[in-house]
Amino acid sequence: MLSERRLEVLRAIVQDYVGTEEPVGSKALTERHNLRVSPATVRNDMAALEDEGYIAQPHTSAGRIPTDKGYRLFVDKLAGVKPLSSPERRAIQNFLDGAVDLDDVVGRTVRLLAQLTRQVAVVQYPSLTRSTVRHVELLALAPARLMLVLITDTGRVEQRMIDCPAPIGETVLADLRARLNSRVVGQRFTEVPSLVQDLPEAFDADDRGTISAVLATLLETLVEETEERLMIGGTANLTRFGHDFPLTIRPVLEALEEQVVLLKLLGESNDSGMTVRIGHENHHEGLSSTSVVSVGYGSGDEAVAKLGVVGPTRMDYPGTMGAVRAVARYVGQILAES
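Residue numbers run consecutively from 1 along every chain, following the written order of its sequence. Local features in a predicted model are, by the rule used here, given only for residues with pLDDT of at least 70; side-chain atom pairs are given and counted only at 80 or more, and totals for whole chains, interfaces and linings are based on all residues. As a rule here, side-chain values come from all non-hydrogen atoms in the structure, and water together with hydrogens is ignored.

S.K.: Honestly, the overall build of the chain in this entry has me stumped. Any pointers?
M.R.: We count a stretch as a helix when DSSP gives it H or I for four or more residues in a row; a strand needs E for two or more, and each element gets its number in order from the N terminus. Each helix and strand in the chain was counted, giving 12 helices and 10 strands. We compute the radius of gyration over the C-alpha atoms and compare it with the globule rule, which gives 2.2 Å times the number of residues raised to the power 0.38. Here the C-alpha radius of gyration of the chain, 26 Å, is well above what a compact globule of 338 residues would show, namely 20 Å. When its C-alpha atoms are laid out on the principal axes, the chain stretches across 90 × 40 × 35 Å. Burial here depends on accessible area, computed with a 1.4 Å probe over protein chains only, as a share of the maximum for the residue type. Under 20% is buried, over 50% is exposed, and the range in between is partly exposed. Sorting the 338 residues of the chain into buried and exposed places 50% on the buried side. Any two residues whose heavy atoms approach within 4.5 Å are treated as being in contact. Contacts in the chain between residues at least 24 apart in sequence constitute 61% of all its contacts with a sequence separation of at least 6. In these tables, accessible area is a Shrake-Rupley quantity obtained with a 1.4 Å probe, and a residue counts as shielded only by the protein chains included in the view. Surface summary for the chain: the accessible area is close to 16200 Å², and the carbon and sulfur share equals 49%.

See below:
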């Protein structure tokens, strides 16, 4: 265990390095921070931190920089989440309140996160495997042609055309609409198939072909929509941090193009807590010089998806964690109200 004083020295090194981009020396630390000890004592503390792998000496510079292990201790023990100011919170709310539909919410969230943190923002669309049905609408477009509209609890709207094997009367259509909604509204997508499988038997034999066609289209829509989707923005922000990536920025950009990699980075979306992955904790080779800060968002207590940012390990962790958390809360409120 590190002593309180050495933890203070580590905190000061991280803060200075993140702020100045320059390796930090003992003289600068004692001048900038109220450590209440001599430069010689700080030098000894820095030597101990280096021996234990929390800081390192880049090339022949006299200063030290934090390692992944140092940043990890900083995030776990030393960094609070920095709350946003009232103007920042108002700006987030005003920007997100203007969204007209789910795509717009996700698009605005990506732009906002990228601007607030000046990192790469990644937002996962609400996962329909955890979504519930808000309403199913059936509209007659022609005697044997229907439109099925599926609305989810996260505001997602899906439309499908159905060509029926025979014309369907308005009375049967109204009966089907009512029976369908009474069974599936408020239910998870994964539970719907078993809830509607015997529905055709409630109708006359002449109508069962059409009822089965409607159910088949509904179930196909549910399956299609469980595929995970992402939106990413602010990739150009990485060019500001060129010197933070050891060789080149290309491996990071290539990793960010792979949706599977990004989904793994964000982590399991049913885990709604804040996650910070630092440097080599990201198992994809191209991202070993980056950190990922992510959190779940949702319309209730349960997360339906994740959002977060990717940037260099030399990151303002308290500020980034505060921005990510605040944006996730506002997006959750919008989904709850939509």
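S.K.: So what exactly am I meant to see when it comes to the pairing of strand 4 (residues 133-142) here?
M.R.: Across a regular strand the side chains alternate sides, sitting on one face of the sheet and then on the other. Bridge analysis of strand 4 against strand 5 (residues 145-152) gives eight bridges, and the strand direction is antiparallel. Bridge pairing links Val133 to Thr152 in strand 5. With antiparallel pairing between neighbouring strands as the criterion, strand 4 and strand 5 make up a hairpin whose turn holds two residues. Whether two strands pair depends on DSSP finding at least two bridges between them.

S.K.: How should I be thinking about the packing of aromatic side chains in this particular structure?
M.R.: In this description, an aromatic ring pair is defined by two values, namely the gap between the centres and the angle between the planes. In this analysis, rings of Phe, Tyr and Trp, with Trp reduced to its six-membered ring, are considered paired at centre separations within 6.5 Å, and the interplanar angle assigns stacked below 30 degrees, edge-to-face beyond 60, and tilted for intermediate values. Evaluation of the coordinates by the stated rule reveals one aromatic pair. Taken together, a centroid distance of 5.6 Å and an interplanar angle of 50° make the contact between Tyr71 and Tyr317 tilted. Of this pair, Tyr71 sits in helix 4 (residues 68-78) while Tyr317 sits in helix 12 (residues 317-337); the two residues are 246 residues apart in sequence, bridging distant segments of the chain. Here Tyr317 falls in the buried class, since its relative accessible area comes to 0%.

S.K.: Hey, could you run me through helix 7 (residues 170-184) in this one?
M.R.: The α-helix advances 3.6 residues per turn, and as a result positions three or four apart in sequence lie on the same side. Look at helix 7: 21 Å from first C-alpha to last across 15 residues, which is about the 21 Å you get at 1.5 Å a residue. Turning to helix 7, its buried residues are Leu173, Leu176, Arg177, Leu180, Asn181 and Val184. Burial along helix 7 is one-sided: seen end-on, the buried residues are contained in an arc of 120°. Those residues of helix 7 that are exposed and aimed more than 90 degrees away from the buried face are Thr171 and Ser182. Positive phi appears at Gly186, one or two residues downstream of helix 7, with a value of about 85°. Given a helix with a known number of residues, its expected span is that number minus one, times 1.5 Å. As used here, the arc is the angular range of directions from the helix axis to the C-beta atoms.

S.K.: What's the story with a nonpolar patch on the surface in this structure? I'm lost.
M.R.: A cluster of nonpolar side chains, contributed by Leu139, Leu141 and Met161, occupies part of the molecular surface with about 260 Å² of accessible area. Mapped onto the elements, Leu141 comes out in strand 4. Given a relative accessible area of 46%, Leu141 falls into the partly exposed group. By definition, no residue in a patch forms a salt bridge, and every one has over 30% relative accessible area; like charges are joined within 9 Å, nonpolar side chains (Val, Leu, Ile, Met, Phe, Trp, Tyr) within 5 Å. Basic side-chain nitrogens of Lys or Arg form a salt bridge, by our definition, when they fall within 4 Å of a carboxyl oxygen of Asp or Glu.

S.K.: Got a minute to help me understand the sheet that holds strand 4 in this structure?
M.R.: An order of 4-5-6 is seen for the three strands of this open sheet, with the pairing classed as antiparallel. Each edge of the open sheet is held by one strand with a lone partner, namely strand 4 and strand 6 (157-163). The sheet shows a mean angle of 20° between the axes of neighbouring strands, taken without regard to direction. For every element, the axis is a line fit to its C-alpha atoms; helices are fit only across the contacting stretch, and the angle between N-to-C directions ranges from 0 to 180 degrees. Each of strand 4 and strand 5 is contacted by helix 7, which is oriented at about 165° to strand 4, the strand it contacts most.

S.K.: In this structure, what is going on with the sheet that holds strand 8 (residues 275-278)? I would like to understand it.
M.R.: The strands that make up a sheet pair up through hydrogen bonds in the backbone, lying either parallel or antiparallel. With antiparallel pairing, five strands are arranged side by side in an open sheet as 7-3-10-9-8. Looking at the sheet topology across the chains shown, the edges are occupied by strand 7 (230-233) and strand 8. The mean angle between the axes of side-by-side strands here comes to 15°, regardless of whether they run parallel or antiparallel. Examined bridge by bridge, strand 3 (residues 120-124) and strand 7 share four bridges and lie antiparallel to one another.

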